[in-house]
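# Breakdown of the fold
Here is what each chain is made of, one letter per residue.
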Amino acid sequence: MKKRIILIVCSAVLVAAFCLNAVLISGAKQTAREYDAVAALSDNEDKLNVALSVIYKRAGDLVLSLPHAGITLTQTAVMKHFAGDADAILYLNTRAADQLANAYAAMDVLLADFDGVLAKYAVPSGSVFRTKRVELASLFSGLESSNNELIKRTRTFIGNAGSGYDGYYTAYCEQLQIVSDKFQNAATQIGNEYDALISDMLGADFELVS
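Everything quoted here is computed from the prediction, not taken from an experiment.

Procedures and definitions
Going along each chain's sequence as written, the residues are numbered from 1 onward. With the structure being a predicted model, the display of local features is reserved for residues of pLDDT at least 70 and the display and counting of side-chain atom pairs for 80 or more, all residues being used for whole-chain, interface and lining totals. Each side-chain value is derived from all of the structure's non-hydrogen atoms; neither hydrogens nor water enter the calculation. Two rings from Phe, Tyr or Trp (for Trp, the six-membered ring) form a pair when their centres are within 6.5 Å of each other. A pair whose planes differ by under 30 degrees is stacked, one over 60 is edge-to-face, and the rest are tilted. Secondary structure elements are defined from DSSP: runs of H or I of at least 4 residues count as helices, runs of E of at least 2 residues count as strands, and each element is numbered from the N terminus. Whether a residue is buried, partly exposed or exposed follows from its accessible area with a 1.4 Å probe, protein chains only, as a fraction of its type maximum: under 20%, in between, or over 50%, in that order. The term nonpolar core refers to a set of buried residues drawn from Ala, Val, Leu, Ile, Met, Phe, Trp, Tyr and Cys, joined through side-chain atoms within 4.5 Å. Only heavy atoms enter the contact rule, under which two residues are in contact if any of them lie within 4.5 Å. A side-chain nitrogen of Lys or Arg and a carboxyl oxygen of Asp or Glu constitute a salt bridge if their distance falls within 4 Å. Expected span of a helix: the number of residues minus one, times 1.5 Å. Throughout, bend refers to the angle between the axes fitted to the seven residues that end at a position and the seven residues that start at it. By the criterion applied in these results, polar contacts are pairs of N or O atoms within 3.5 Å in which, for protein atoms, one can donate a hydrogen and the other can accept it, and in which residues neighboring in sequence qualify only through two side-chain atoms.

### Here's the deal with the packing of aromatic side chains
Per the stated rule, a full pass over the model turns up 5 aromatic pairs. Each ring, one from Phe82 and one from Phe157, has its centre 6.2 Å from the other, and the planes form 85°; the classification is edge-to-face. Taken together, the residues Phe82 in helix 2 (residues 44-82) and Phe157 in helix 4 (residues 128-159) connect sequence positions 75 residues apart. There is no split in this pair, since Phe82 and Phe157 are both buried.

So, in structure tokens, the structure goes:
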């Protein structure tokens, strides 16, 4: 059983990392020049698109960091538990508190920056960009809740090696899969939003820079 769970966790980490790296590939060539480009643009619609694309790039970077704070962190804690380390839960608790709290705070900053962009360019309440902001907030909320549940189930699994052990193991693995799926979906959604913003601005030239 121990070999099986370690294999599952390691596979999930590799899949999540691969999928999340894909988010950043299409935008990496443009990101370094986007901040300077905003000032040079004359059209407010283009400025809005570039400003929001920067936020989505930052969101992709943030999502990329969460598997370490969630999946990889629990993986290490479980391995320490299997190795007989009595400090496995302490290891999990101390790092989860710091790493996840920092990630969630960064989410709040991104949403606040999104609001700032919408306000700066006087985006009306019925705009699709207002909807996109709600969708990004929902995505962040889903990642936060699923990661918190993963940490919770990891604590339960490590702390109950006797009665109900198999059930706690199953619950842990199920949540691990849920978190992995959420990362993959987040990667796809953020990447699509980034590409849509750049494509809208560049039109037919988008393929030259993507």
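Next comes the rest of the account.
### Description of the nonpolar core
Counting 52 residues, the largest nonpolar core has Leu52, Phe140 and Leu143 as the members making the most contacts within it. Among the elements of the structure, helix 2, helix 3 (88-120), helix 4 and helix 5 (165-202) are those that each provide at least two residues to this core. The element that contributes the greatest number of residues to this core is helix 2, accounting for 15 residues. Apart from the residues within four sequence positions on either side, Leu52 is in contact with Phe114, Val117, Phe129 and Leu197.

### Focus: the pattern of salt bridges
Tallied over the full model, the rule gives 7 salt bridges. Note that Asp113 and Arg58 form a salt bridge whose closest N and O atoms lie 2.8 Å from each other. Remark: Arg58 occurs in helix 2 and Asp113 occurs in helix 3; sequence separation between them is 55 residues. For Glu149, the salt bridge identified is with Arg153, shortest N-O distance 2.8 Å. In this pair, Glu149 and Arg153 both sit in helix 4, 4 residues apart, roughly one turn of the helix. Judged by its relative accessible area of 25%, Glu149 falls in the partly exposed class. You can call Arg153 partly exposed: its relative accessible area is 23%. Members of the salt-bridge network, linked through shared partners, are Lys132, Glu135 and Glu193.

### Side note on the side chain of Thr154
Structurally, the position occupied by Thr154 is in helix 4. Overall, Thr154 belongs to the buried group, its relative accessible area being 0%. Apart from the residues lying within four places of it in its own chain, the contact partners of Thr154 are Thr74, Val78, Leu92 and Tyr172.

### Regarding helix 3
Across its 33 residues, helix 3 extends 48 Å between first and last C-alpha, which sits within 8% of the 48 Å expected from 1.5 Å per residue. Its maximal kink placed at Ala96, helix 3 deviates by approximately 30°. Two residues or fewer after helix 3 comes Ala122, characterised by a positive phi angle close to 50°.

### Remarks on the environment of Arg133
Relative to the assigned elements, Arg133 resides in helix 4. Separated by 18 residues in the primary sequence, Arg133 and Asp115 place their C-alpha atoms 7.8 Å from one another. In this structure, Arg133 is in contact with Leu111, Phe114, Asp115 and Leu118, ignoring residues within four places of it in sequence.

### Regarding unusual backbone geometry
The phi dihedral of Ala122 is positive, around 50°, even though this residue is not glycine. Tracing the sequence through the fold places Ala122 in the loop between helix 3 and helix 4.

### What about the side chain of Ser146?
Mapping Ser146 onto the fold places it in helix 4. For Ser146, the side chain forms a polar contact with the main-chain oxygen of Gly142, separated by 3.0 Å. Once you skip the residues sitting within four places of it in the chain, Ser146 turns out to touch Gln175, Val179 and Lys182.

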